Amino acid sequence: MDGWPDGPEITLPAGDVTEGVVRVGDTVRRPHQDTSAGVAAYLNHLESVGFAGAPRYLGRDERGRDVLTFIDGEVTGDPVEPWAATDSVLPSVGWLVRALHDASVGWTPHIELRPSTPGRPQPRLPDGEQLLVSQRDVTPQNVVFRGGAAIALIDFDLVGWTTRSVDLANTAMHWVPLCDPLDRDAGLADIDVVARLRLLLDGYGDAAVTSTQLLDAAVLRFGAAYDSMRWNAEHLGGGWARMWAAGAGDVIQRRVAWFAEVQPDLVRALR
Ligand SMILES: Nc1ncnc2c1ncn2[C@@H]1O[C@H](COP(=O)(O)OP(=O)(O)OP(=O)(O)O)[C@@H](O)[C@H]1O
Ligand SMILES: [Mg+2]
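Residues numbered from 1 in each chain as written. Chains lettered and ligands numbered in written order. Predicted model: local features only at pLDDT ≥ 70, side-chain atom pairs only at ≥ 80, totals over all residues. Heavy atoms only, no water.

Outline the coordination of the magnesium ion (ligand 2), listing residues and values.
Surrounding the magnesium ion (ligand 2) are the protein donor atoms Asn142 (OD1) and Asp155 (OD), which sit 2.2 to 2.3 Å from the metal. Linking Asn142 in the loop between strand S6 (132-134) and strand S7 (143-146) with Asp155 in the loop between strand S8 (149-153) and strand S9 (160-162), this pair joins segments that are 13 residues apart in sequence. Residue class for Asn142 comes out buried when judged on its relative accessible area of 6%. (Donors = N, O, S within 2.8 Å, 3.2 Å for Na, K, Ca; no water. Helix = DSSP H or I, 4+ residues; strand = E, 2+ residues; numbered from the N terminus. Buried < 20%, exposed > 50% of the residue type's maximum accessible area, 1.4 Å probe, protein only.)

Right, dumping it as structure tokens:
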């Protein structure tokens, strides 16, 4: 396909899994993957309902790569930069995830979002909560900020079915963060977990997800992570295997143990 902006390829900061993400003019080129059709379908849906907080899927370039719009703004690197570790960014992250969920609820994709893979552990989701499609990977490195507020999500490779509470718990895991203090980035060593959870939850709107729902969803999400990550490491290799070899499984187990210890206090403090 022709007609894409031409110009130098600027390497973008690498994440854990996808290699070769570059910027060309006002577009981003990402390697085409078996989830690309699902990503395209979801981004097209978000565009059709006027959701502004995601890139547009533009097609594929002459090398077969996915072409997306580049979203201008600030994205933190890894480890999390001081500005992205402040409490003041959290309400806008919660608000952005809420807006994404509101734009997604009720949408049923016309294709399988992810290729069906026998044996792959499925996410554990709470009984009785409405399913919705979401980006499911709201890490600090996947949120674009402008003027100190979160304005867009990028990196939709993990698009799939979830619920409001599980996706918000996953967001909290990355943004509070919810992990054993041993595993926090240095800039987040002295955080007040309750205060940061409260800011995220208030940004989302706690009428839509209560603190009890959020904490219960965190137990489900954290409990499923070990098997899921190990399966990805064994079957997908690449960055998943590298993360596993670097101790991702231990981090997950420490998180589960830490959360079991602090959960009763969090329940009381957030009620
Ligand atoms: N559409 C976009 N607009 C602005 N910046 C982008 C966009 N896409 C990617 N970036 C920048 O490039 C970085 C890497 O892109 P992306 O998150 O898509 O891939 P990745 O993290 O390498 O993938 P994975 O998480 O699958 O390993 C982002 O953290 C962000 O800084
Ligand atoms: Mg990323």
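Explain helix H7 (residues 248-270) to me, and be specific about the residues and the numbers.
Compared with an ideal rise of 1.5 Å per residue, which puts 23 residues at 33 Å, H7 spans 29 Å between its outermost C-alpha atoms and falls more than 12% short. Along H7, the helix axis deviates most sharply at Val262, where the bend reaches about 45°; the proline Pro264 sits within four residues downstream. Every buried residue of H7 is listed here: Ala248, Gly249, Ile252, Arg255, Trp258, Phe259, Val262, Gln263, Leu266 and Leu270. On its buried face, H7 is in contact with helix H3 (164-175), helix H4 (193-204), helix H5 (211-235) and helix H6 (238-245). (Expected span 1.5 Å × (residues − 1). Bend = angle between axes of the 7 residues up to and from the residue. Contact = heavy atoms within 4.5 Å.)

Tell me about H6, residues and numbers included.
Listing the buried residues of H6 in full gives Gly239, Trp240 and Met243. Buried residues of H6 fall within an arc of 105° about the axis and therefore sit on the same side. Looking one or two places after H6, you find Gly247, whose phi comes out positive at around 105°. (Arc of directions from axis to C-beta.)

Describe the side chain of Thr76, naming the residues involved and giving the relevant values.
Counting through the fold element by element, Thr76 comes out in the loop between strand S5 (66-69) and helix H2 (90-104). On the basis of relative accessibility, which here comes to 4%, the residue Thr76 falls in the buried class. Separated by 2.8 Å, the side chain of Thr76 and the backbone nitrogen of Glu81 make a polar contact. Apart from residues lying up to four places away in sequence, Thr76 is in contact with Glu81, Trp83, Ala84, Pro140 and Gln141. (Polar contact = N/O pair within 3.5 Å; in protein donor to acceptor, adjacent residues only side chain to side chain.)

Can you break down the pairing of S7 residue by residue, with the values?
Two elements, S7 and S8, share four bridges in a ladder whose sense is antiparallel. Across the sheet, residue Val144 finds its bridge partner in S8, namely Ala152. Where S7 folds back onto S8 in an antiparallel hairpin, the turn is made up of two residues, including Gly147, whose phi is positive at roughly 60°. (Pairing = 2+ DSSP bridges.)

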